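# Architecture and fold: a report
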Amino acid sequence: MTQLVASSGETESFDSGLEVRAIHTIASEDLAFYRSAAALSLNIPTNTPDSDIKVTVEHLSQIVKFDYCLLSSPEQVTAIKLAVFDMDSTLIPMEVIDELAAEAGVKEEVAAITEQAMQGDLDFNQSFKKRLSLLRGMSKQAVGEVKSRLTFNAGVEQLIAHLVDHGAVVGIASGGFEPFAKALAELAPITKIRSNTLLFDSDELAGQAVEPIVNAEVKAHQVKEWQAELGIGSNEIMVVGDGANDSKMMEVAGLGVAYKAKPLLRQKADCVIQYGEMNGLIDILKVVLRFRA
């Protein structure tokens, strides 16, 4: 039986071979974008499966409310040269297709399908076509209204600026729509985009998908293409997402980050940002690179 001693003074026991000796809150004024962090001192038996470690730390994080990273070795990630973000609910605080649906008067129908897809309970291609068909006949003006409401999630612009300042190329790989990704690229130094085409018939949405649909497999393939183009290793790639269709591109990256994500993605990610904001990753990257030194 393992005992957790948290900074609050509370204790909790776990049926695991992991021994959590202490959790210390970190407060550092020299980290300009500091939000919150915790340092865990762990004793891990040699043969402990990674999955057991992950489950235990995830459980602890929900009790103490901290964000974390679990890396297999210091070599897993180095200075980031390519940072790829999902768009909807990751870079921006909305699902664009749900906002389009609200303009078209079919919000509840589309939102229900979106949630099923994000949870991994529905094939993405099928759900995409189904949702898009409900938007048939929507005007370009209504699409423009949604685009005018785009804003970044808290901390995104600071994180992107930090990445670019340190030599990274920033991209969007999204199952959303290209006009919105391009609009974000006008607001921040995002230079690579892969997302779905929004097809119009005259001034109205056609409601038809343009193949290939940007799904989980296409996202992962695109990250690999950008990697080859830049001539970098996987340990120089960071991928950030929130849903099931981000999991495959995380497999390509040295550092996979789940941002306020669904449980399925949190299980697969190296880093989980559930309580802080996006610029908390600046602190995490500083710590990770410090461990490599």
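Let us look at the structure shown here. (Residues numbered from 1 in each chain as written. Predicted model: local features only at pLDDT ≥ 70, side-chain atom pairs only at ≥ 80, totals over all residues. Heavy atoms only, no water.)

### Details of the state of the cysteines
The following threshold applies: Cysteine sulfur atoms that come within 2.5 Å of each other are treated as a disulfide pair. Per the convention used, a helix needs a DSSP run of H or I reaching at least four residues, while a strand needs a run of E reaching at least two, with both numbered from the N terminus. Exposure is judged per residue with a 1.4 Å probe applied to protein chains only, and the accessible area is read against the type maximum: over 50% gives exposed, under 20% gives buried, and values in between give partly exposed.
Taken as a whole and assessed by the stated rule, the structure comprises one disulfide. Two residues, cysteine 69 and cysteine 271, share a disulfide whose sulfurs are 1.9 Å apart. Residues cysteine 69 and cysteine 271 share a disulfide whose torsion about the S-S bond is about 110°; that sign makes it right-handed. Note that cysteine 69 is positioned in strand β5 (residues 68-69) and cysteine 271 in strand β13 (residues 271-273), a separation of 202 residues in sequence. Judged by its relative accessible area of 0%, cysteine 271 falls in the buried class.

### A word on the sheet that holds β5
As a reminder of what qualifies: Whether two strands pair depends on DSSP finding at least two bridges between them. What makes two residues a contact is simply this: any of their non-hydrogen atoms within 4.5 Å. For every element, the axis is a line fit to its C-alpha atoms; helices are fit only across the contacting stretch, and the angle between N-to-C directions ranges from 0 to 180 degrees.
An order of β5-β13-β12-β11-β6-β7-β8 is seen for the seven strands of this open sheet, with the pairing classed as mixed. The open sheet terminates on both sides in strands that have one partner only, identified here as β5 and β8 (192-196). In terms of strand pairing, strand β12 (residues 255-259) meets β13 through three bridges, oriented parallel. Looking at the pairing, valine 257 lines up with cysteine 271 of β13. Taken strand by strand, helix α6 (residues 156-165) contacts β6 (82-85), β7 (169-177) and β11 (237-241), and its axis lies near 155° from that of β6.

### Considering the pairing of β11
For a regular strand, side-chain orientation follows a simple rule: the groups alternate between the two sheet faces. How we decide: Every crossover in which the path from the first strand over the helix to the second runs clockwise, viewed with the strands pointing away from the viewer, is termed right-handed.
Judged by how many residues are buried, β11 sits mostly within the fold: five of five residues are covered. As defined by bridge partners, β6 adjoins β11 across four bridges and the pair is classed as parallel. Each residue of the ladder has a partner; that of phenylalanine 85, found in β11, is valine 240. Sheet analysis places β11 next to β12, joined by four bridges and oriented parallel. Considered in β12, the bridge of valine 240 is made with valine 257. For the crossover from β11 across helix α9 (residues 247-252) to β12, the handedness is right-handed.

### Some words on the nonpolar core
Note the cut-off: By nonpolar core we mean a set of buried residues, namely Ala, Val, Leu, Ile, Met, Phe, Trp, Tyr and Cys, connected to one another through side-chain atoms within 4.5 Å.
By size, the foremost hydrophobic cluster in this structure holds 54 residues, and its most contacted members are Phe85, Leu91, Leu163, Phe180 and Met238. One finds Ala173, Ile232, Ala253 and Ala269 within the second-largest nonpolar core, a separate group that totals 17 residues.

### Things to note about α6
In plain terms, the rule: The arc in question is formed by the directions pointing from the helix axis toward the C-beta atoms.
Along α6, the residues classified as buried are Val156, Leu159, Ile160, His162 and Leu163. When α6 is viewed along its axis, its buried side chains cluster within an angular range of 160° and face the same direction.

### Focus on the pattern of salt bridges
Stated formally: Salt bridges are defined as contacts in which a side-chain nitrogen from Lys or Arg sits within 4 Å of a carboxyl oxygen from Asp or Glu.
Inspection of the entire model under this criterion finds eight salt bridges. Ionic pairing is found between arginine 266 and glutamate 58, a salt bridge with its closest N-O pair at 2.8 Å. Residue arginine 266 is located in helix α10 (residues 263-268), and its partner glutamate 58 is located in helix α1 (residues 50-64); the two are separated by 208 residues in the primary sequence. Here arginine 266 and glutamate 58 have matching classes, each one buried.

### Side note on the layout of surface pockets
Where we set the bar: Of the two site types, the cavity is a set of points on a 1 Å grid over the protein atoms alone where a 1.4 Å probe fits but cannot get out, and the pocket is an open set with protein on both sides within 12 Å along at least five of seven lines, each lined by residues with an atom within 4 Å of a point. Grid points are joined across faces, edges and corners, and a volume is the space filled by probe spheres set on the points. Residues were grouped as follows: Ala, Val, Leu, Ile, Met, Phe, Trp, Tyr, Cys and Pro as nonpolar; Asp, Glu, Lys and Arg as charged; and all remaining residues, including Gly, as polar.
There is about 200 Å³ of room inside the second largest pocket. Lining the second largest pocket are 15 residues; nearest its centre among them are Leu122, Phe124, Ala216, Ala244 and Asn245. Elements with a contribution of two residues or more to the lining of the second largest pocket: α4 (124-133), α8 (216-230), α9 and α10. Within the lining of the second largest pocket, the residues separate by chemical class into six nonpolar, five polar and four charged.

Any functional reading would require information that these geometric values do not contain.
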